[in-house]
Each structure stands twice: as C-alpha cells, then as structure tokens.
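Descriptive structure summary
What follows is each chain in one-letter form.
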Amino acid sequence: AAFKVDQAGSVGDIFTASSSGAAKFVITNAGNVGIGVALPSDILDVRMASGNNTSGLTISSPNNSGNGSQPALYIKRYTGGVLSTTAKIYSGLTGTTTSELVFATGTSGTPNTMVDRMIIDNAGNVGIGTTGPSQKLHIVDSGADTPVLQIENTNADASSGVLRFYKNSASQASNDALGSIIFDGKDSAGTALTRFADMYIYSTDITDGSEDGAIAFRTATAGTVGEVMRIVSGNVGIGTTGPAGNL
C-alpha cells in the first residue's frame, strides 16, 4: 500500500491500498472523491469490482443503539439562505426492531420537520400515508375526496391509460373470478371493513375461441350482500344471474 500525491496530472491526491498499486481511494483536484475508481465522475463516485459480488455502500447504526436507532440518508438544500434537511431515507421506525425502509420529506415552510410519506415494511407491503400497510399497496389520506389514484395518458391518439386485472393461473376454470372492486366502510358499531357493495368480473366460459365473461354487481340489503345485476355476454339481468335476452 502507498500514499501518492500527483501534482503534475489531473488526478490529485491518490491513496493506493493494494500491492499492485491500483488506486482504491481518490480525491481529484476538482474535489471529486472516487472509491474503486481512479477518475471519479461526480462528487462521490463508488464503483464495484467486476464480476458477481454483493459489495456496496453500507449505512449502519451502533450495536448498542436500541430500538430507537434509525440509520439514514439525509438530503439537504438551501432554502431561504439556510441549509435545511428536505428529505430523508431511513430504516427502523421508532420503538421497533423490524426492518422497514421509510421515505420522508419536509413540509412547506418547515423543511427540517420530516414527515413519513412512504414505507416498505418487512412483509414487502408498501404504505403511502401510513406506516402500517396491511396490503401490498395501502394508501391513506384524511382529506376530502382523497386519496385519488390518477392514471394519466398524454399520447395524442385515441388510446387511454389501462388498469389491468390479470388472473395468471395454471388451473384456470370457467366461472373463476378475474378481478373485483370492493366498497367497504364502517357500520354504526364501528366494525371495520363492512361490505356495502362490490363488483366482480368472471370468466364464465374459458373454452378457446368461444370465451364468455360476466360482470356482477352486488349491494348490501339488511346486512347481507347480494347480487342485484349481472351482464353476461352482452345480456343484462336484474334479479337473475342467467339473462336470456338483452335485458
């Protein structure tokens, strides 16, 4: 290993930490820092060695840090002439020992006050507006007419955005449910996820070349959810699941 200062070239200060003399840590005369690269292209440029490996950048907390430890990456910028924290990526919610990845940003006017915006928990669930997601994607907001899921297409043609439900089963069968939209709320007793209405799409016939589908609409009546209308291969049935005509 050796320490070399290059005054004549464009490199600057070089620390070599191998018997071959290859540069492992570099500070160029432009102020760029390179780890694993002799000519860093940015303020900090970290390069992995060639081949299959799992080396990378590690941010860790002390071994004795306890449940409140939050190893983090902070993003700062000048706002009103003051250097402020505007975003933060960290792991470890306060008081827990589970593995989460949390994304936080500052609020308008108070950039140093971090508010958790999105979390990926240790079950792989993603939460937006909640730190306790119960599903693969769980979005929470307390405002009027929110949250809103917007799918926007800006292409100058007749096409549109797509919301796709795909049942990719190795044992697909007729009358399988392919997708649903469910409307839940709370009843007067405060029971969560009480069903008030839903809509299901079925593959009523999966025979190749003569496939049929159906859309079933259900609502709650006296505490029981039941089907009120079905569209089957273009026929509409009200009070029947097998309409024989257009209506």
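Look up a bit, the structure's there.
All values derive from a computational prediction rather than experimental measurement.

Here we come to the overall build of the protein chain. Secondary structure assignment for the protein chain yields zero helices and 16 strands. For the protein chain, buried positions account for 19% of its 247 residues. A fraction of 13% describes how many contacts in the protein chain between residues 6 or more apart in sequence connect residues 24 or more apart. When the accessible area of the protein chain is evaluated, it comes to approximately 17,000 Å², of which 54% is carbon and sulfur surface.

In total, this model carries one aromatic pair according to the counting rule given. For the ring pair Tyr-200 and Tyr-202, a centre distance of 6.2 Å and an interplane angle of 25° mean the geometry is stacked. Lys-88 extends its terminal NZ or CZ atom over the ring of Tyr-90, reaching a point 4.3 Å from the ring centre.

Quick look at the nonpolar core now. With five residues, the main nonpolar core is built from Ala-72, Tyr-90, Leu-93, Val-102 and Ile-119. Look past the residues within four positions of Ala-72 in its chain and what remains in contact with it is Ile-59, Lys-88, Ile-89 and Tyr-90.

Moving on: the pattern of salt bridges. Throughout the structure, instances matching the rule amount to five salt bridges. The residue Asp-184 makes a salt bridge to Arg-195 at a minimum N-O spacing of 2.8 Å. Linking Asp-184 in strand β12 (residues 176-185) with Arg-195 in strand β13 (residues 194-205), this pair joins segments that are 11 residues apart in sequence. Classification of Asp-184 as partly exposed rests on a relative accessible area of 36%. Its relative accessible area of 27% is what places Arg-195 among the partly exposed residues.

The next subject is the environment of Asp-187. Relative to the helices and strands, Asp-187 is located in the loop between β12 and β13. Spatially, the C-alpha atoms of Asp-187 and Gly-223 are 9.8 Å apart, while their sequence positions differ by 36 residues. A distance of 2.9 Å separates the side chain of Asp-187 from the backbone nitrogen of Thr-191, its partner in a polar contact.

One can expect most non-glycine residues to show negative phi and most peptide bonds to be in trans. Residue Thr-146 is joined to Pro-147 through a cis peptide bond whose omega torsion reads 0°. The topology assignment puts Pro-147 in the loop between β11 (137-139) and β12. One non-glycine residue, Asn-175, lies in the positive phi region at around 70°. By secondary structure assignment, the location of Asn-175 is in the loop between β11 and β12. Even without glycine at this site, Ala-222 takes up a positive phi of about 55°. Position of Ala-222 among the secondary structure elements: in the loop between β14 (212-221) and β15 (224-232).

Looking now at the side chain of Asp-198. Considering the arrangement of structural elements, one finds Asp-198 in strand β13. The class for Asp-198 is buried, based on a relative accessible area of 3%. A distance of 3.1 Å separates polar atoms of two side chains, one belonging to Asp-198 and the other to Arg-195. Here Arg-218 takes part through its side chain, which lies 2.7 Å from a polar atom of the side chain of Asp-198. Those residues in contact with Asp-198 that sit more than four places away from it in its chain are Ile-181, Ile-182, Phe-183, Ala-216, Phe-217, Arg-218 and Val-225.

What counts and what doesn't
Residues numbered from 1 in each chain as written. Predicted model: local features only at pLDDT ≥ 70, side-chain atom pairs only at ≥ 80, totals over all residues. Heavy atoms only, no water. Helix = DSSP H or I, 4+ residues; strand = E, 2+ residues; numbered from the N terminus. Buried < 20%, exposed > 50% of the residue type's maximum accessible area, 1.4 Å probe, protein only. Contact = heavy atoms within 4.5 Å. Areas by Shrake-Rupley, 256 points an atom, 1.4 Å probe, with all protein chains shown as cover. Phe/Tyr/Trp six-rings, centres within 6.5 Å; stacked < 30°, edge-to-face > 60°. Lys NZ or Arg CZ within 6 Å of the ring centre and 35° of its normal. Core = buried A, V, L, I, M, F, W, Y, C linked by side-chain atoms within 4.5 Å. Salt bridge = Lys/Arg side-chain N within 4 Å of Asp/Glu carboxyl O. Polar contact = N/O pair within 3.5 Å; in protein donor to acceptor, adjacent residues only side chain to side chain.

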